[in-house]
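# Examination of the molecular architecture
Residues per chain, in single letters:
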Amino acid sequence: MSYKKVGFLSNIERPSMLLQRFSCPALPHRRHQQRLNDPLKPKPFVKLSRGRLLHVQASSSASIQPALKEAAAFAPATVANLGPGYDWMGCAVEGGGDVVVARVLPDKPGQVLIDKIDGDNGRLTLDPTKNCIGIAAAETLKLIGNVSCGVSLTLQKGLPLGSGLGSSAASAAAAAWAVNGLFGEAALSKRELILAGLEAEAAVSGYHADNVGPSLMGGFILIRSCTPGEPLQLLQLPYGGKDNLYFVLVNPVFEAPTKAMRAVLPKEVPMKSLINNCCQGGSLVAGILNGDSQLLGQALDSDVIVEPVRGPLIPGLMAVKEAAKAAGAHGCTISGAGPTAVAIVSDPETGKKVSEAMCQAFKSAGNLDVNSAIVAQLDQIGAKLL
């Protein structure tokens, strides 16, 4: 696809470079062309067995050997939706995230075992068929091909559950990248592994890629198409500015499970609201590509469809939004499904003031203490091996 030159982006000499466009699995790895030649039909991703062991069906071709015995990966927190970009926009942020260590299980092809999880207060299951790291690992093994080994996993949770920071997506992305890292030249690209993370997300929070996409790839990701049974299409949007975009992320002591927060969304919306969100969604993209943090923040603050029904479920959120803007933020909204609130500022000094104001508002208006409050920049890398 080619892009015609856009007049108002005069600082961009080659607009075709504005967007890195890719589809999954439209361009599969050369070793997997035959296996992925029908992207319209989703493949069953696990063969389940009793207990806590998960096994992926192997093929009869020559097995693929691991290059390493152990690999560890980190995947960052993400901010999904960004106001009007519900289910089609997300970005990765520096700071917290999850770490997964994958170890080879020799002569146990396709098997996945979860050894240990730390940082979850015992809330997450060790059953790999029900935990996003087990599902992501199994999908990764299947995508790589006829592997000769299985994997055992350990997870260090750095993100709180139900926080609106892409907790499950970070776990899935870290698991996929760690398992992938075991296989050297046979390893897949990040864009191919989004499919593995998406299957994990579907099992625990819903079929959406606006968290797992940026957690793997880094930066801003626009989800052009994410429908079960159809190819996944993503656009990677480069931020056009430099050192003028900061995210203020305040996570209160309150839990907002994604499935529960999705249940309150309206089935139909007025035309006026649809027009507003389309306009603000376009402004959001323009703010990203032009590196205009003020426009980005204003657009992020202008959702009239999702935030009005989710906001009242998070104590004090409306007061937090007003406090953030009064302290100098360009805009503020819910991060993902919440309860974390995200504000946009242009410098870290303003970010500190905004953070303090948001914390005070959560306490005074919502009677909520705060788990964490950070001022973070965009994570351009995404998942990485440690």
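Residues numbered from 1 in each chain as written. Predicted model: local features only at pLDDT ≥ 70, side-chain atom pairs only at ≥ 80, totals over all residues. Heavy atoms only, no water.

It is worth spelling out the overall build of the chain at this point. Across its full length, the chain holds ten helices and 14 strands. When the 386 residues of the chain are sorted by exposure, 54% land in the buried category. When the accessible surface of the chain is totalled, it reaches about 16600 Å², and 54% of it is carbon and sulfur. (Helix = DSSP H or I, 4+ residues; strand = E, 2+ residues; numbered from the N terminus. Buried < 20%, exposed > 50% of the residue type's maximum accessible area, 1.4 Å probe, protein only. Areas by Shrake-Rupley, 256 points an atom, 1.4 Å probe, with all protein chains shown as cover.)

Moving on: the pattern of salt bridges. Counted according to the given criterion, the structure contains ten salt bridges. The closest approach of N and O atoms between Arg-103 and Glu-70, which form a salt bridge, is 3.0 Å. Note that Arg-103 is positioned in strand β5 (residues 89–105) and Glu-70 in strand β4 (residues 70–80), a separation of 33 residues in sequence. Since its relative accessible area comes to 30%, Arg-103 is described here as partly exposed. (Salt bridge = Lys/Arg side-chain N within 4 Å of Asp/Glu carboxyl O.)

On to the sheet that holds strand β11 (residues 331–334). Strand order in the open sheet formed by four strands is β11-β12-β10-β13, with antiparallel pairing between adjacent strands. Because the sheet does not close on itself, it has two edges, and the strands there are β11 and β13 (370–376). Each strand of the sheet is rotated relative to its neighbour by a mean of 15°, with strand direction disregarded. With four bridges connecting them, β11 and strand β12 (residues 341–345) associate as antiparallel partners. Looking at the pairing, Cys-332 lines up with Ala-343 of β12. Each of β11 and β12 touches helix α7 (residues 293–300); the most contacted strand, β12, lies at about 150° to it. (Pairing = 2+ DSSP bridges. Axes fitted to C-alpha atoms, helices over the stretch in contact; angles between N-to-C directions. Contact = heavy atoms within 4.5 Å.)

The interhelical angle for the contact between helix α6 (residues 271–290) and α7, taken along N-to-C directions, is 155°, at an axis separation of 8 Å. Classified by the interaxial angle, the pair formed by α6 and α7 is roughly antiparallel. α6 and α7 meet at a crossing whose hand is left-handed. For the pair formed by α6 and α7, the contact residues are Gln-280, Ser-283, Leu-284, Ala-286, Gly-287 and Ile-288 on the first element and Leu-295, Leu-296, Gln-298, Ala-299 and Leu-300 on the second. Here the contact of α6 with α7 is built from residues that sort into seven nonpolar, four polar and no charged. (Parallel < 35°, antiparallel > 145°, perpendicular 65-115°, else oblique. Left-handed = near helix turned anticlockwise from the far one by under 90°. Nonpolar A, V, L, I, M, F, W, Y, C, P; charged D, E, K, R; others polar.)

Turning our eyes to something else, we now look at the side chain of Ser-171. Mapping Ser-171 onto the fold places it in helix α2 (residues 167–181). Using a relative accessible area of 2% as the deciding quantity, one classes Ser-171 as buried.

So, on to the environment of Val-212. As for its position among the elements, Val-212 is in helix α4 (residues 212–217). Taking the C-alpha atoms as reference, Val-212 lies 6.1 Å from Gly-197; in sequence the two are 15 residues apart. Contact partners of Val-212, with chain neighbours within four places excluded, come to Ala-169, Ala-173, Ile-194, Gly-197, Leu-198 and Glu-201.

So, on to a nonpolar patch on the surface. The grouping of Val-269, Met-271, Leu-274 and Ile-275 at the surface amounts to a nonpolar patch, some 370 Å² of accessible area in total. Given a relative accessible area of 38%, Leu-274 falls into the partly exposed group. (Patch = residues over 30% accessible without salt bridge, like charges linked within 9 Å, V, L, I, M, F, W, Y side chains within 5 Å.)

Read these as geometric descriptors, not functional statements.
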